[in-house]
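# Inside the fold
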Amino acid sequence: MDTQRKKRIKKIVQHILMIIFTLIMLYPLAWMVMSSFKQSSDVFVDAHSLIPKVWAFENFSEGWQGFGGITFTTFFKNSFVITVISTIGSVISSTFIAYGFARIKFTGKKMWFVLMMLTLMLPYEMVMIPQYVMFSGFGWIDTYLPLILPTFFGVPFFIFLIMQFIRTIPTELDQAAKIDGCNTFSIFFRIIVPLVVPAMMTAAIFSFYWRWDDFMGPLIYLVTPEKYPVSLALKLFSDPSAVTNWGAMFAMTTVSILPVFLIFFIFQRYIVDGISTSGLKS
Amino acid sequence: MAQNQTGKETVVPVKPPFKKPFKRPKRLRTGYEELSGYAFISPFIIGLVAFTLYPIVYSLYLSFTNYGMGGEYEWIGLANYERMFTTDDTWRQSLKVTFLYAGTAVPLRLVFALMVAVALNKIVEAVGLYRTMLYLPSVVGGSIGISIMWRQLFGNDGAFNSVLASIGLPTHSWLGDPGTAIWTLVALYGWQFGSSMLIFLAGLRNIPKTFYEASAVDGAKPWQQFFKITIPLLTPVILFNTIMQTIQGFMAFTPSFIVTNGGPMNSTLLYVLYMYRRAFEFFDMGYASAMAWVMLIIIAIFTAVIFKSSDKWVHYND
């Protein structure tokens, strides 16, 4: 009886500690969201209090006006174009490549695979400068090509993720299909693709995140503000020397992470499982 | 993980792959497989050559020139490297800052992630909810909005100072003081411990419960269990996380660019930020390429040391 009670008290204490810890961790996010509802003059008065004195919903419409006559409608549209095209490209190409690595025997496979694992660990910053010189030679500066095109040639992390998934599919399925007269391509399209959809979804979600948040790429390659994605526009919009309308700035920072937020809450099962099982990347 | 064998179908004896004769007598049928294999991975090969291998070689070449955008390529040998090591104080500063940053932020994140994962692993109810909530900062962490928020949070009249003032502690110009600015970036990095936590959590789930039960019978205390069971069995995951996070920590850019822009007095000038400035503000492409190579070598050494030392501390259970 007594130990039972002790256990319950221990459990309650555990939960209380955990809740306090979680709230502290989430406080910065809550602060950002709530600041977006505060009047500019109030944002930094008693900055720690979360509840706005007056709910200033106009922050959002004011912020949305953007700068230099370009509204956030344009920036969002740009972000979506870049993100969607490159996500489609990277998921489709990575699935192809993953199948090749996971299921087909060919000479030199091991070498290519090792190269892929090495690129997985190679930071983008290493190729950033030569790529820039290269792409500017092609006349691709201020276009979306440098941001989109490379994703159509497979993304090592996704290849690896989808490969791991394909390996869990019994090879007997392939063999049976082969006996029924399928070649590697029809095995891929009829058997593998329908079964790896969950892994493709995980890859798509990650791709969405990374492309949406990508900052350095647009920073380097884009010149015309009309072509800016949200990330780059937000940086300009929030420059400490220029900002006066703090409420609007917080409103736009909040809006900018909204798509990431939404996708996370809709698909969080895929994401959590994807990270836990593949054990990769943040 | 690093095995490329497709498991069951290893009928072909393992030999160095590229030395295998292209046409083997009885293997006419597999010619089709060979072709289709290459067909499937061809996007990868093209991409690898065009967007990775060629740029890397090109970058090495650039590092021996004083190429600036649009100019001529003038071969200057090791002059870039010499300048870096002997006269460039800013470079030395950026390296120092980066070591300080990676050396504190990476352990902080990992220790934090491990502690939270262990705590979560003990809890039965609502674990999914905690997990989701604590992962949230990492989900949104990569976005520029979060860096901007952090800048305001630690600003002079931001929430952090406001909290300090409300509980009677002295406030401080966190971003304006060269001594503290870097710690706000470290805190930002540590705050996003979510994905490391998820990986640790998955690792913890794989430790058989019987180990703990057996040791409890022997009278082991919780901290003994932690150091004698949990940590050793988790070492492969720790190794993995350490390597990935170290690379990430060394290559961090956005936080220092947005939150502090390298200042005050270059106290937060991370290596990549300095490289970015050299390349895209001063168009000093040759020099910046040399910087990239030095960074790559440093990362490679670190990774190699971690891997090498892993024989001593990583336990593979199978």
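Scoring rules and cut-offs
- As a convention, each chain's residues are numbered from 1 in the sequence order in which they are written.
- For this description, chains carry letters from A and ligands carry numbers from 1, given in the order in which they are written.
- The predicted origin of the model limits local features to residues at a pLDDT of at least 70 and limits the giving and counting of side-chain atom pairs to 80 or more, whereas totals for whole chains, interfaces and linings rest on all residues.
- Working from all heavy atoms in the structure, the side-chain values ignore hydrogens and water.
- Each aromatic pair joins two rings of Phe, Tyr and Trp (for Trp, the six-membered one) with centres within 6.5 Å, and gets the label stacked for planes under 30 degrees apart, edge-to-face for over 60, and tilted for any other angle.
- Under the scheme applied here, a residue whose accessible area is under 20% of the maximum for its type counts as buried, over 50% as exposed, and between as partly exposed, the area being computed with a 1.4 Å probe on protein chains only.
- Helix and strand assignments follow DSSP, with helices taken as H or I runs no shorter than four residues and strands as E runs no shorter than two, numbered in order from the N terminus.
- Here, over-ring charges are defined by two tests on the NZ atom of lysine or the CZ atom of arginine: distance to the ring centre within 6 Å, and angle to the ring normal within 35 degrees.
- Any two residues having at least one pair of non-hydrogen atoms within 4.5 Å are treated as being in contact.
- Two parts lose some accessible area (1.4 Å probe) when they are put together, and adding that loss for both gives the buried area.
- Here, a salt bridge means any Lys or Arg side-chain nitrogen found within 4 Å of an Asp or Glu carboxyl oxygen.
- Whenever two N or O atoms come within 3.5 Å, that pair is a polar contact, provided that in protein one can donate a hydrogen and the other can accept it, and provided that, for residues adjacent in sequence, both atoms are side-chain atoms.
- Residues are sorted three ways: Asp, Glu, Lys and Arg are charged, Ala, Val, Leu, Ile, Met, Phe, Trp, Tyr, Cys and Pro are nonpolar, and all the rest, Gly among them, are polar.
- Each patch is assembled from residues with relative accessible area greater than 30% and no salt bridge, linking like charges that lie within 9 Å and nonpolar side chains (Val, Leu, Ile, Met, Phe, Trp, Tyr) that lie within 5 Å.
- Areas reported as accessible are Shrake-Rupley estimates using a 1.4 Å probe. Residue values count occlusion only from the protein chains shown.

## Considerations on the packing of aromatic side chains
Residue and element names in this part refer to chain B. Considering all chains together, one arrives at 69 aromatic pairs over all chains under this definition. Ring centres of Phe 226 and Phe 227 lie 5.1 Å apart, and the angle between their planes is 80°; on these two criteria the pair is classed as edge-to-face. Accessibility expressed as a relative area gives 52% for Phe 227, which makes it exposed. Where Phe 250 meets Phe 302, the ring centres are 5.2 Å apart and the plane angle is 65°; that geometry is what we call edge-to-face. With Phe 250 in helix α10 (residues 222-250) and Phe 302 in helix α13 (residues 285-313), this pair connects stretches of sequence that are 52 residues apart. Its relative accessible area of 34% is what places Phe 302 among the partly exposed residues. One cation-aromatic arrangement involves Arg 278 over Phe 282; the distance from NZ or CZ to the ring centre is 4.6 Å.

## A word on the interface of chain B and chain A
Between chain B and chain A, the contact holds 105 residues from the first and 98 residues from the second. Where chain B abuts chain A, roughly 9300 Å² becomes buried across the two surfaces, and 76% of that area is made up of carbon and sulfur atoms. Applying the counting criterion to the chain B and chain A interface returns two salt bridges. The salt bridge involving Glu 125 of chain B is made with Lys 11 of chain A; its shortest N-O contact spans 3.3 Å. Applying the counting rule to chain B against chain A returns 14 residue pairs in polar contact (both at pLDDT 80 or more). Counting residues per element, the side of chain B that touches chain A draws most heavily on helix α1 (residues 30-62) of chain B, which supplies 24 residues. Counted by class, the side of chain B that touches chain A contains 71 nonpolar, 23 polar and eleven charged residues.

## A short note on a nonpolar patch on the surface
All names here are of chain A. There is a patch of nonpolar side chains on the surface, built from Ile 12, Ile 16, Ile 20 and Ile 24 and spanning about 370 Å² of accessible area. Along the chain, Ile 24 turns up in helix α1 (residues 2-35). Its relative accessible area of 53% is what places Ile 24 among the exposed residues.

## Some remarks on unusual backbone geometry
Note that the residue after Gly 263 of chain B, namely Pro 264 of chain B, is joined by a cis bond; omega there is -10°. Relative to the elements of secondary structure, Pro 264 of chain B occurs in the loop between α11 (254-260) and α12 (271-281). Notably, Asp 142 of chain A is not glycine yet its phi reads approximately 65°, a positive angle. With respect to the helices and strands, Asp 142 of chain A occurs in the loop between α5 (125-137) and α6 (145-148). Judged by relative accessible area, which is 14%, Asp 142 of chain A ranks as buried. In this structure, Phe 283 of chain B takes a positive phi of about 45° despite not being glycine. Here Phe 283 of chain B is to be found in the loop between α12 and α13. We classify Phe 283 of chain B as partly exposed; its relative accessible area is 39%.

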